[in-house]
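Residue-level structural notes
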Amino acid sequence: MSSDQFPPHADPYAGPSVGADGARAVHRPTDTARRPLLERLRRTAADPRRRILFTGATVLTMDPALGTLDVGDLLVSGSTISAVGTDLRARGAATDAIVVDATGTILAPGFVDTHRHAWQAQLRRTMPDVNDLAGYVSTTLAEFAPVYRPHDMYVGTRLAALAAVDAGITTMLDFSHNSRSAAHSDAAVRALVDSGIRGVHAAMGPHFGAWDGQWPADLARLHTQYTGSRTTVRLAALATDRIAGPGLAYGPELARRAADLGIGVSVDAVFGPESSEAILRWERQGLLGEHLTLIHATGLSPDAWRAIGASGTTVSLAPTSDAQIGLENAVPAVDEALAVGVRPGLSIDVEVALAGDMFTQMRALHTVQRMRAVNGTYGTDREPHRIDTHDVLDFATRQGARTCGLADVTGTLTPGKQADLLMITTDEINNLPLNDATGTVVLGCDARNIDTVLVGGQVRKWAGRVLDVDLPLLRAEAAVSRDRILRAAGSTATRHPRTG
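For the structure given in this document, a descriptive report is provided here. On a predicted model such as this, the values are computed, not experimentally measured, just so you know.

Rules used in this analysis
Residues numbered from 1 in each chain as written. Predicted model: local features only at pLDDT ≥ 70, side-chain atom pairs only at ≥ 80, totals over all residues. Heavy atoms only, no water. Helix = DSSP H or I, 4+ residues; strand = E, 2+ residues; numbered from the N terminus. Rg over C-alpha atoms; globule rule 2.2 N^0.38 Å. Buried < 20%, exposed > 50% of the residue type's maximum accessible area, 1.4 Å probe, protein only. Contact = heavy atoms within 4.5 Å. Areas by Shrake-Rupley, 256 points an atom, 1.4 Å probe, with all protein chains shown as cover. Axes fitted to C-alpha atoms, helices over the stretch in contact; angles between N-to-C directions. Parallel < 35°, antiparallel > 145°, perpendicular 65-115°, else oblique. Nonpolar A, V, L, I, M, F, W, Y, C, P; charged D, E, K, R; others polar. Core = buried A, V, L, I, M, F, W, Y, C linked by side-chain atoms within 4.5 Å. Left-handed = near helix turned anticlockwise from the far one by under 90°. Salt bridge = Lys/Arg side-chain N within 4 Å of Asp/Glu carboxyl O.

What follows covers the overall build of the protein. In terms of regular secondary structure, the protein is built from 15 helices and 17 strands. Against the 2.2 N^0.38 benchmark of 23 Å for 500 residues, the protein shows a C-alpha radius of gyration of 22 Å, consistent with a compact globule. Among the 500 residues that make up the protein, the fraction classed as buried is 57%. The contacts of the protein with a sequence gap of at least 6 include a subset with a gap of at least 24, amounting to 75%. For the protein, the exposed area adds up to about 19,300 Å²; of that, 52% sits on carbon and sulfur atoms.

Shown next as structure tokens:
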């Protein structure tokens, strides 16, 4: 299908009906209501000289040097942001540009998910009330993961990525720890590419079951074959040998392999005394640094945090995972990170038990930290140190990009960076009237308000619909894959979800 053809199943104008008074059931005041505009964007999608000018929006750049424009314009040239300012029309920006009237909306950077096990998406909410890490490991990793075929990896990863785009996540680090063969890894990366998201494939061998043993050697092939304009590769590992043995645990050998390839490292299951000891060992071995991301970081010792802060090591928090699954002390470690100068990224983790959107993560962290701050000073004369909505939006955008090694690529609406951006409606019933743009994004929005998503200057969501998705086919593929996995794993009927 050519880029300018518009399949009926992906039509963003289908659905909301027009009443007798001519009003749409869902009011979207922007130019995305004009079909010819999208058709023009599709026809010019492959043109590197294409210019798109968004006008009249509230612009949350998340760039400290640019700040927020109450009314501003943004110009996209090819795949990058080329200008941000007030009245760019007066400077000739509209010449030969596709102009999108963004009045009444917020332009913001796309969110960055710094850690998600995307292959599990067809098993969403199979354990919504899981009580601890062991419950997750003994089912998802020990029972279900071993029966995944490469096609199941593709189905789950693509479903997760499309849902991420729908909710405004333009960059996703897929911690793909079910890399049973080169074909499994290829399927996971291909799913990221096909979804249109900016994907970071962090590859790791599986915890349990038979596999080809191609990891970590296969990282060199993955890096050579897939690193490109919208896809990067990282090495993924665990903090200790506690769960899956020494072969998957970060240390000098894996660090050397990543350094030889020039790729970053993401380390999961970083929590508790054993991980604290590992961090101090890595400090002595010279293995900490900005190339390394530590995921969760709950229940760590003060000395471990000192080493993290001193080395510039990055941290990915998973607010709902830590609290809901109960990882170590179950408290997202934002205060500990900030105390040593680390501004963390945010992540989703596992959709088998958790929500898959960044709004939930921002709100959870904002609420938990402020509750903890007040609780810690209650009954004293000390002032609580609270984070604010700007902090959590910064974590979800700019700091997320830095955590993934993409600080120069995405995370802010800065000229020269890739055009990964959101146009967010503010006049729908859950957001009107607009009073504070940052507060609205963090506390008011959900996926319905993400009107438009661009990744690298390409339109991935428009008029509230993700483009180029055959939704009936997607439903069928997810259900068939899920049912086959559950059957192959011998899952009990009482835990079997209803078919979609």
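What follows deals with the packing of helix H11 (residues 358-377) against helix H14 (residues 437-444). Across the interface, H11 lies against H14 with an axial gap of 8 Å and an inter-helix angle of 100 degrees. As the angle between them shows, H11 and H14 are arranged roughly perpendicular. For the pair H11 and H14, the contacting residues are Phe-359, Met-362, Arg-363 and His-366 in the first and Val-441, Val-442, Leu-443 and Gly-444 in the second. Of the residues assigned to the contact of H11 with H14, the class counts are 5 nonpolar, 2 polar and 1 charged.

For soluble globular proteins, the rule of thumb is that nonpolar side chains tend to be buried together. Residues Phe-111, Leu-235, Tyr-250, Val-267, Ile-279, Trp-282 and Met-362 are the most contacted members of the largest nonpolar core, which totals 116 residues. Of all the elements, helix H3 (residues 150-166) adds the most residues to this core, at 8 residues. Among all residues touching Tyr-250, those that are not within four sequence positions of it are Ala-237, Leu-238, Ala-255, Val-265, Val-267, Trp-282, Leu-287, His-291 and Leu-292. Membership of the second largest hydrophobic core comes to 25 residues, among which are Leu-38, Ile-81, Met-423 and Leu-454.

Note on backbone geometry: most residues besides glycine have negative phi, and most peptide bonds are trans. Along the chain, Trp-215 connects to Pro-216 via a cis peptide bond; the corresponding omega equals 10 degrees. Within the secondary structure, Pro-216 is located in the loop between strand E8 (198-203) and helix H5 (219-226). Even without a glycine there, the phi angle at Arg-125 is positive, about 55 degrees. Turning to its location among the elements, Arg-125 is positioned in the loop between strand E6 (111-116) and helix H2 (133-144).

Their axes nearest at 9 Å, the elements helix H12 (residues 389-396) and H14 cross at an angle of 70 degrees. In this view, H12 runs roughly perpendicular relative to H14, as classed from their interaxial angle. Considering how the two elements wind past one another, H12 and H14 form a crossing that is left-handed. Of H14, the residues touching H12 (which contributes Thr-389, His-390, Val-392 and Leu-393) are Thr-438, Gly-439, Val-441, Val-442 and Leu-443. By residue class, the composition of the contact of H12 with H14 is 5 nonpolar, 4 polar and no charged.

With respect to the helices, strands and loops of the structure, Arg-35 is situated in helix H1 (residues 35-43). Residue Arg-35 is classed as partly exposed on the basis of its relative accessible area, which comes to 34%. Along the chain, Arg-35 and Asp-408 lie 373 residues apart, while their C-alpha atoms are 34 Å from each other.

As a further point, take the pattern of salt bridges. When charged atoms on two side chains of opposite charge get close, those side chains can pair. Within the structure shown, the criterion is met by 22 salt bridges. In this structure, Arg-49 engages Asp-47 in a salt bridge whose closest nitrogen and oxygen atoms are separated by 3.4 Å. Overall, the relative accessible area of 69% leaves Arg-49 in the exposed class. By relative accessible area, which is 30% here, Asp-47 ends up partly exposed. As a salt-bridge pair, Arg-116 and Asp-113 come within 2.8 Å of each other at their nearest N and O atoms. No difference in accessibility class separates Arg-116 from Asp-113, as the two residues are buried. Taken together, the shared-partner salt bridges in this structure form one network comprising Asp-113, Arg-116, Arg-124, Arg-125 and Glu-351.

It is worth stressing that arrangement in space is one thing and function is another; only the former is reported here.
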